[in-house]
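# Coordinates in review
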Amino acid sequence: MSYARLTALKLGQLLVVLLAVTLAVFILTQVAPGDAARLRLGPRASDEAVAALRQEMGLDQPVIVQYLDYLWRVVRGDLGTSTDGRPVTEIIAQGMTPTLYLVVSVLVLSVAAAITIAWLAAANRDGGFDHGLRLVLLLSLFLPSFWVGFLLLRFVAIPTGWFPVAGLGDTPWELFVSLVLPAVTGAIALTPVLARSLRSSLVDVLGSEYVSVARSLGISGPTLFGKHVLRNAAGPVVTLLALNVGYLLFGVVVLEATFNISGLGSSLVKASASQDVFVVQGITLVFAIGVVLANFAGELTANLLDPRRVR
Amino acid sequence: MNDLAMTRPVPVPVPASLKARRRWRRGNGKLIVGGVIVAVYLLAAALAPWITHGDPQLQDLGNTLAPPSTEHWLGTDSLGRDVWTRLVFATRVDLRVGFFGTLIPAVVGSLIGIIAGFGNRYMDSAIMRFSDIIVSFPLFIFFLALVGLVGPGEGFLFFGPGELPILIGFALISWVVYSRLLRGEIRRVRALDYVRAAQTGGLPQHRVVFGHVLPNALNQTFVYVFVDIGLAIVAVSTLAFLGVGIPLDTAEWGAMISSGRAFINTNWWLVAAPGVAIATLAVGLALVGDGLDDRIKSK
Amino acid sequence: MTHSTRPEGQLIIIDGLTVATGSGGGTALVEDVSLTVAPGECLGLVGESGSGKSLTLRSVLGLLPPTITRTAGTIRFADDGGRLAVSDPVALRGNGASMVFQEPMSSLNPTMRVGALVAAGARRKGQSKKEADRTALRLLTEVGIPDPERRMRAWPHELSGGLRQRVMIAMALSVEPKLLLCDEPTTALDATIQDQILSLLERLSRERGLSVIFVSHDLGVIARIADRTAVMYAGRIIEEADTRELIAAPRHPYTRALVASMPSPDKRSDRLPTIAGAPPTAGSWPSGCRFAPRCAFAVDRCTDVTPRLVPLSQTRASACIRDAELMEVAS
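Residues numbered from 1 in each chain as written. Chains lettered and ligands numbered in written order. Predicted model: local features only at pLDDT ≥ 70, side-chain atom pairs only at ≥ 80, totals over all residues.

### As for the overall build of chain B
The helix and strand tally for chain B stands at 10 helices and zero strands. In chain B, the order of α-helices and β-strands from amino to carboxyl end is α-α-α-α-α-α-α-α-α-α. Every one of the 299 residues in chain B was classed for burial, and the buried ones make up 44%. Pairs at least 24 residues apart make up 68% of the contacts formed inside chain B by residues separated by at least 6 positions. (Helix = DSSP H or I, 4+ residues; strand = E, 2+ residues; numbered from the N terminus. Buried ≥ 20, exposed ≤ 12 C-beta atoms within 10 Å, placed from the backbone. Contact = placed C-beta atoms within 7 Å.)

Structure, rendered in structure tokens:
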């Protein structure tokens, strides 16, 4: 199968999954108790007003129709309004940037740390570093990230005063500084997972015959690492990363709550607590789409890295 | 016998038995350390009323945010409640939710895995596809949204308020690993030549496969369960921290961290202690699981 | 060392090579192995699994597994002027010597196209990308790959075992070696393909004047391709001779048994003779002659002293203390 055909197939699958996502999000809000119209108007509104709003909101239609209606609105970009009157799309647009900053900084730091750690472990296989590393990795899986974040805030940010205690900075430099502690906190959770898989891949690749072949020709250093080692070791890790995007996003939600950063995550938590259905629906949809796209990108990358998958 | 076999010469390794013995001993070490930790927690949970002040919700508004003292080993929180008492009673909550939050997915997942493993192509493929979708969804986010919207609800049997939705959520999310584990083992054994041979001879598959699958699969499942309980406990406390599931007022480690966060400057132990509790228990459980794994693998 | 009493003119001299586990005190896997290869000559190295022949070969380029090291011995390689100088194995990589590996299925980097793989060696030698690609195309043609332009863009997994091995050979040639180290390159191939690859190797070494060290467990293959042969057993060389002489008139009891067990159309019986027992594993090598426990001609003396490789003539040597007696008995 050629790359083109495979990509087209994958795009088709992507569309199907996106549809499934919208369906799931729709079901989510159907399951939530309470009548959307009454929630909107409050407990003191009259029954007639509620009924009128219900009809206006289309809540008396059969579920299928409601879903299609919802789908149509989503495609047009209408995600409803929040209880305070602002359109959900506005809330999302505002929250998108800080969340993206967090996601990117955690990813970058985690990947960089994972490569370094995995390389050191694989190169000194079964040495002290390797075993110690595996132990540390095991432990860090169980450190609740919000707890780590708080400890960092209390014992690093506050004493030194170098890092802000809440929120993201405005200027590029301040932004960067304010992202350090959250990124470190997030990386502590993600790096172990990546490093372990990468180390395992690296060990396999380093012991492989084709690496011996490359070395026998005198190839060494960056060329060896880049073309022969990493290209083969990266595949499983990319897939793993794509698989973990859901957890990564959840971790970002936690980071936003911990470091008081107003992104999509904190908006979601707030909306969830105050039963702001449309906001919850909208943000969940955005996250879900993000995960699906990330999975898709991950698969594409893995295919690029390992041509044997494109069969 | 003239051994001009077509095998590559293998560099002579450390004798397998030596490696195995070392591994066994490492496994034992982990088991002991982990086991002690877990035992301490279990004891603490069981003996909670006797080793603490007795009531985790007892407020003393005249003595809020007190530092640690002989009276209050870890001081008091913003409502004057004894932190140590709350910490110990929280063990019950977290252990309970962590345990059941792992047991249910394990059982459910294993059953699904058995169905997938023994089923025909379509069944297997359908289940695998389904689990792929589950895995790739941001389920925790959905869960967050759902539980947030639905609310904690009342308790059920011996489960406290908010625990049931969490258990349901875990059941929906975590079963995949177990199903894949069991299905993988079943498929692997089914494909073995001698099983196929037995099949053609008329022996029912089930007995042969079960005899070979069950021990190995159960071992792996068992080992993973320990790690999973730890992860579940971390997840529960994270959700509680976010205000989802277990009400913030409850004596639960995550909730305690959340309410203690505002006073982190002055009373940082309000945040530190529950976190240490979480991490230590989870690590202890993982050590037990890892130790068991080492022992099994060294055989 | 045997007939290479005159080191001048040789391409490579391996002297007293010892390889062991660990970094110095471990179990010896190869013990006191000395080999010489002249320019244009093909030396066969034959032995059973575990005899140490692969490790010997890999030591030349320092490609030993991480837990195994060379603990003794020197390697001298001739420079362009023909003078021998002690060489660091790592320096020899792609610089005078290169290797053809055994398993074509796993020897080619699955994430690189065939053309890039073959060009890799040329690029390492300093060629530009364009030049290296041209070289690669030329080499692919030279090793007999049909439709080479199209195959340049192919992925390794799209090729059959035989084709992959040809690519492997092309890669080894891409660094313009004077010595080709072949580690059982035909073992993993079908018989007909084996034959093709052997013919290819013969042709290439002839056309390019390459020296070859060819490792195999198959005496039949060695008989075909090697000019001279050294026989290894339990980490040591126990006989060395011109191949034809070795097969026609083996001296060492092990070699005799090996030759006797070679299938050939001349042999009439229903059963091939085999050597009873199994070769000892490293670490539990018997004292004295290592073949003694399985040797039909062993006597008590044989377990006292480890026999050294003793020249029997200009062109052969054998490591059996009873060699003279056994020759007498035979005649």
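### Let's talk about the overall build of chain A
Across its full length, chain A holds 13 helices and zero strands. In sequence order, chain A lays out its α and β elements as α-α-α-α-α-α-α-α-α-α-α-α-α. If you line up chain A on its principal axes, its C-alpha atoms span 85 × 60 × 35 Å. Here chain A holds 311 residues, and the buried ones make up 41% of them.

### So, the interface of chain B and chain A
Contacts between chain B and chain A engage 35 residues on the former and 37 residues on the latter. Looking at the side of chain B that touches chain A, the elements with two or more residues in it are α4 (121-136), α5 (139-150), α8 (205-241) and α10 (269-297) of chain B. The greatest single-element share of the side of chain B that touches chain A, amounting to 10 residues, is contributed by α5 of chain B. Residues of the side of chain B that touches chain A, tallied by class, amount to 25 nonpolar, eight polar and two charged. (Nonpolar A, V, L, I, M, F, W, Y, C, P; charged D, E, K, R; others polar.)

### Some details on the nonpolar core
If you look at the biggest cluster of nonpolar residues, it comprises 249 residues, and the most contacted ones within it are Leu144 and Ala282 of chain B together with Val118, Leu181, Ile213 and Phe214 of chain C. Here the element with the most residues in this core is α8 of chain B; it accounts for 15 residues. If we skip the residues at most four places from it in the chain, Val118 of chain C touches Ala136, Leu139, Leu140, Val167, Ala170, Met171 and Ser174 of chain C. (Core = buried A, V, L, I, M, F, W, Y, C linked by C-beta atoms within 7 Å.)

### A closer look at the sheet that holds strand β6 (residues 97-100) of chain C
Residue and element names in this part refer to chain C. As summarised here, the arrangement of the eight strands in space is β6-β7-β8-β3-β9-β10-β12-β11, forming an open sheet in which the pairing is mixed. Of all strands in the sheet, those bounded by a partner on one side alone are β6 and β11 (310-311). Taken together, the two bridges between β11 and strand β12 (residues 317-318) define a ladder with antiparallel strand orientation. Bridge pairing links Val310 to Ser318 in β12. (Pairing = 2+ DSSP bridges.)

### Brief notes about the interface of chain C and chain A
Each side of the interface is counted separately: chain C has 23 residues, and chain A has 18 residues. Those elements that provide at least two residues to the side of chain C that touches chain A are β6 and α3 (114-124) of chain C. For the side of chain C that touches chain A, the leading source of residues is α3 of chain C, giving three residues. In terms of residue class, the side of chain C that touches chain A is made up of 11 nonpolar, nine polar and three charged.

### Some thoughts on the packing of helix α10 (residues 221-243) of chain A against helix α13 (residues 277-305) of chain A
In a pair of packed helices, the angle between the axes and the distance between the axes together describe the arrangement. Residue and element names in this part refer to chain A. Taken N-terminus to C-terminus, the directions of α10 and α13 make an angle of 165 degrees; their axes are 9 Å apart at the nearest point. One finds that α10 runs roughly antiparallel with respect to α13. As α10 runs across α13, the sense of the crossing is left-handed. Taken together, the residues of α13 that come into contact with α10 (itself represented by Arg231, Ala234, Gly235, Val238, Thr239, Leu241 and Ala242) are Ala294, Asn295, Gly298, Glu299, Thr301, Ala302 and Leu305. In the contact of α10 with α13, the residues fall into seven nonpolar, five polar and two charged. (Axes fitted to C-alpha atoms, helices over the stretch in contact; angles between N-to-C directions. Parallel < 35°, antiparallel > 145°, perpendicular 65-115°, else oblique. Left-handed = near helix turned anticlockwise from the far one by under 90°.)

### Observations concerning the confidence of the model for chain A
Looking at chain A as a whole, the pLDDT averages 82, with 92% of positions reaching at least 70. Looking at the elements of chain A, mean pLDDT is at its lowest for helix α2 (residues 36-41) of chain A, recorded as 62, and at its highest for helix α9 (residues 209-216) of chain A, recorded as 91. (pLDDT = per-residue confidence, 0-100.)

### Quick notes on the confidence of the model for chain B
Residues and elements named next belong to chain B. Predicted confidence across chain B gives a mean pLDDT of 79, with 86% of residues reaching 70 or more. Counted against residues more than four places away or in other chains, residues 1-15, with its pLDDT under 50, gives 31 contacts. The ipTM, which scores confidence in the relative placement of chains, is 0.84 for this predicted complex, and the corresponding pTM is 0.78.

### Quick look at the pairing of β6 of chain C
Residue and element names in this part refer to chain C. Of the two faces of β6, the one holding Ala97 and Met99 and the one holding Ser98 and Val100 are both buried throughout. Where β6 lies against strand β7 (residues 179-183), four bridges are found, and the strand directions are parallel. If you follow Val100 over to β7, its bridge partner there is Cys182.

### Considerations on the packing of helix α3 (residues 83-118) of chain B against helix α6 (residues 163-191) of chain B
Residues and elements named next belong to chain B. For the pair α3 and α6, interaxial distance at closest approach is 5 Å and the crossing angle is 40 degrees. It follows from the interaxial angle that α3 and α6 lie oblique. Considering only the axes of α3 and α6, their crossing is right-handed. Its residues assigned to classes, the contact of α3 with α6 shows 21 nonpolar, seven polar and four charged.

### Re the environment of Arg150 of chain C
For Arg150 of chain C, the position within the fold is in helix α5 (residues 148-152). Along the primary structure Arg150 of chain C and Val221 of chain C are separated by 71 residues, whereas in three dimensions their C-alpha atoms are 32 Å apart.

### Some points on the pairing of strand β1 (residues 12-21) of chain C
A regular strand places its side chains on the two faces of the sheet in alternate fashion. All names here are of chain C. Sheet topology places β1 next to strand β2 (residues 28-37); six bridges connect them, and they run antiparallel. Bridging across to β2, Ile13 finds its partner in Thr36. Relative to strand β4 (residues 68-78), β1 runs antiparallel, the two being bridged by eight bridges. Paired with Asp15 across the two strands is Thr74, which belongs to β4.

### A word on the sheet that holds strand β5 (residues 84-86) of chain C
Residues and elements named next belong to chain C. Taken in spatial order, the four strands of this open sheet run β2-β1-β4-β5, and their pairing is antiparallel. At either margin of the open sheet sits one strand with a lone partner, and together these are β2 and β5. In this sheet, neighbouring strand axes are inclined to one another by 15 degrees on average, regardless of whether the strands run parallel or antiparallel. Strand direction decides the pairing type here: β4 and β5, joined by three bridges, are antiparallel. Within the sheet, the bridge partner assigned to Arg76 lies in β5 and is Val86.

### What about unusual backbone geometry?
Residues and elements named next belong to chain C. Within the chain, Glu176 stands out as a residue other than glycine whose phi angle is a positive 50 degrees. In this structure, Glu176 sits in the loop between α6 (161-173) and β7. A positive phi angle is found at Ala234, which is not glycine, with a value near 50 degrees. With respect to the element layout, Ala234 can be found in the loop between β9 (228-233) and β10 (236-242). Owing to 25 C-beta atoms within 10 Å, Ala234 belongs among the buried residues under this scheme.

### Observations regarding the environment of Tyr41 of chain B
All names here are of chain B. With respect to the helices, strands and loops of the structure, Tyr41 is situated in helix α1 (residues 16-46). Here Tyr41 falls in the buried class, since 20 other C-beta atoms lie within 10 Å of it. Excluding residues that lie within four positions of it along the chain, Tyr41 makes contacts with Thr91, Leu95 and Leu281.

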